[in-house]
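Remarks on the overall topology
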Amino acid sequence: MEYRQLGRTGLEVSALGFGCGAVGGLLVKGDHKDMVQVVARAIELGVNYFDTARIYGDGKSEANLGLVLEALKADVLVGTKVRLLAEEMDDIENAVIASVEGSLKRLRLDRIDLIQLHNLVALERQPERRWVGVDNVQAAIRAFQTLQQQGKVRYWGVNGLGETAALHQVVASGLADTVQCCFNMLNPSAGVRAPEGFPFQDYGQLIDRAAEMQMGVMAIRVLAGGALSGSIARHPNAAQTVEPIATGSTFAEDVALAGRFNLIVQEGYVSSLVEAAIRFVIGKAEVSTTLVGISNMEQLEQAVAFANRGPLPTEALDRLSEIWTNYYDL
Ligand SMILES: NC(=O)c1ccc[n+]([C@@H]2O[C@H](COP(=O)([O-])OP(=O)(O)OC[C@H]3O[C@@H](n4cnc5c(N)ncnc54)[C@H](OP(=O)(O)O)[C@@H]3O)[C@@H](O)[C@H]2O)c1
């Protein structure tokens, strides 16, 4: 397993990180014995970063991860998140502190390595959608600083989802140590210049801007929530419906779009779309860790094997650029 710097934190994270959310679902809906086995195997294969959030399974993911890591006596890095409710936006500092206290209990930890603000970010807050404004991010970070002084968190990060202009402001402010960026073959605009007429949200190379600010970058939606498996079928542990992020309007549309990328499988550059998707993201040096949502042991083994194959060859990347340029016919 390759390890990369998590920006200016000084932490070294595995190039592949373990997503504990509901989309992969193992840590939310899985059987306890399976969770222990898969997490133990991930650690054995070198995975050292586990990403959860208070809302994943309404606390279940954090509680299960806490139990599993305790059972394994594992020494790994854990990141979790706070999502503010509309009614909490008038007293952000206290709401953040209360949420983190709950996360510490569920995770059975004295200290969280990385606490992240989960809310999407807009120029002006939109409480009805639970989107925070740029100045609300600053309030949340003041709470993270208090928690750091109390020894309850080590570093903090923000979500790279929301309005592009707002996200760039937050990144440029230098206030956060890390950012989670949506980056995949369907929408690569957080790490690749979007061609003219690009039909989805253009993140304006947010990953590159974050890396310039010495922020750690976590790539999310690497498999477009599973659409880049090329199949509409969902594993029983996984969320049965997936809302696309910055791609098509439905999961089925994303699965259909994923089919275009089969070209690089047919031309022999990779064995599968999943391999292409993981190696595409791993190939971006500014990404510190590539998070993949895991449903079972087989998906973990495959993700690690693909990550270990490293970046895609240049010829395959050229093919991807051609596909993005032809998105105008979507
Ligand atoms: N900051 C945020 O707001 C945010 C948002 C999204 C995600 N995240 C983070 O990113 C993590 C990953 O979630 P994601 O939504 O981005 O999902 P993702 O990694 O893009 O997709 C995960 C899905 O891909 C499929 N998959 C995984 N390995 C596979 C394999 N080897 N073969 C075929 N299919 C495979 C699985 O579908 P099946 O289960 O149906 O097989 C799985 O549910 C989350 O756990 C979380 O930590 C953060």
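Quantities reported herein were computed from a predicted structural model and do not represent experimental measurements. (Residues numbered from 1 in each chain as written. Predicted model: local features only at pLDDT ≥ 70, side-chain atom pairs only at ≥ 80, totals over all residues. Heavy atoms only, no water.)

Once that is clear, we can look at the overall build of the protein chain. Along the protein chain, the regular secondary structure elements total 12 helices and 12 strands. Along the first, second and third principal axes, the C-alpha set of the protein chain runs to 55 × 45 × 35 Å. Expressed as a percentage of its 330 residues, the buried residues of the protein chain come to 55%. Looking at the protein chain alone, contacts between residues at least 24 apart form 74% of all its contacts between residues at least 6 apart. With an accessible surface of roughly 13400 Å², the protein chain has 48% of that area assigned to carbon and sulfur atoms. Computed over 29 positive and 39 negative side-chain charges, the separation of the two mean positions in the protein chain equals 4 Å. (Helix = DSSP H or I, 4+ residues; strand = E, 2+ residues; numbered from the N terminus. Buried < 20%, exposed > 50% of the residue type's maximum accessible area, 1.4 Å probe, protein only. Contact = heavy atoms within 4.5 Å. Areas by Shrake-Rupley, 256 points an atom, 1.4 Å probe, with all protein chains shown as cover. Lys, Arg positive; Asp, Glu negative; His and termini not counted. Charge placed at Lys NZ, Arg CZ, Asp CG, Glu CD.)

Moving on: the pairing of strand E6 (residues 112-117). Taking burial as the measure, the 6 residues of E6 include 6 buried ones, the bulk of the element. Pairing geometry for strand E5 (residues 77-82) and E6, over 4 bridges, is parallel. Opposite Lys81, over in E6, you have Gln116 as the bridge partner. Once the chain exits E5 it traverses helix H4 (residues 92-107) before rejoining the sheet at E6, and the crossover so formed is right-handed. In this structure, E6 lies alongside strand E9 (residues 153-159), joined through 4 bridges in parallel fashion. The residue of E9 that forms the bridge with Leu114 is Tyr155. (Pairing = 2+ DSSP bridges. Right-handed = clockwise from strand over helix to strand, strands pointing away.)

A few words now on helix H11 (residues 297-308). With 12 residues, H11 should reach 16 Å at 1.5 Å per residue; the first-to-last C-alpha distance of 17 Å fits that figure. Buried within H11 are the following residues: Leu300, Ala303, Val304, Phe306 and Ala307. Taken down its axis, H11 places every buried residue within 165° of arc, on the same side. For H11, the secondary structure elements touched by its buried residues are strand E3 (16-19), helix H2 (32-44) and helix H10 (273-282). The positive-phi residue at the C-terminal boundary of H11 is Gly310, with phi of around 80°. (Expected span 1.5 Å × (residues − 1). Arc of directions from axis to C-beta.)

Right, let's talk about the sheet that holds E3 for a bit. In sheet architecture, strand pairing relies on hydrogen bonds along the backbone and comes in two forms, parallel and antiparallel. If you trace the 8 strands once around the closed barrel, you get E3-E4-E5-E6-E9-E10-E11-E12, paired in parallel fashion. Averaged over neighbouring strand pairs, the angle between their axes works out to 30° when direction is ignored. Where E9 lies against strand E10 (residues 178-182), 3 bridges are found, and the strand directions are parallel. Residue Val158 lies in a different strand from E10, and its bridge partner there is Val179. (Axes fitted to C-alpha atoms, helices over the stretch in contact; angles between N-to-C directions.)

Summed over all chains, the structure comprises 19 salt bridges. Among the salt bridges present, the one from Glu2 reaches Arg4, with a minimum N-O distance of 2.8 Å. On the accessibility criterion, Arg4 (12% relative accessible area) is buried. Notably, a salt bridge pairs Glu301 with Arg41, separated by 2.7 Å at the nearest N-O pair. With a gap of 260 residues between them, Glu301 in helix H11 and Arg41 in helix H2 connect regions that are remote in the sequence. Of the residues examined, Arg41 reaches a relative accessible area of 25% and is grouped as partly exposed. (Salt bridge = Lys/Arg side-chain N within 4 Å of Asp/Glu carboxyl O.)

Unlike most non-glycine residues, Asp58 shows phi in positive territory, near 50°. Using a relative accessible area of 60% as the deciding quantity, one classes Asp58 as exposed. In this model, Gln214 sits at a positive phi of 60°, which is unusual for a non-glycine residue. Position of Gln214 relative to the elements: it lies in the loop between helix H7 (206-212) and strand E11 (216-220).

This part covers the pairing of E11. In summary, the side chains of a regular strand alternate between the two faces of the sheet. Here E11 lies mainly inside the structure; 5 of its 5 residues are buried. Neither face of E11 is exposed, since Gly216, Met218 and Ile220 on one face and Val217 and Ala219 on the opposite face are all buried. Across 5 bridges, E10 lies against E11 in parallel orientation. When the bridges of E11 are listed, Cys182 appears paired with Ile220. Read from E10 through H7 to E11, the crossover connection turns out right-handed. In this structure, E11 lies alongside strand E12 (residues 289-293), joined through 2 bridges in parallel fashion. Paired with Met218 across the strands is Thr289, a residue of E12.

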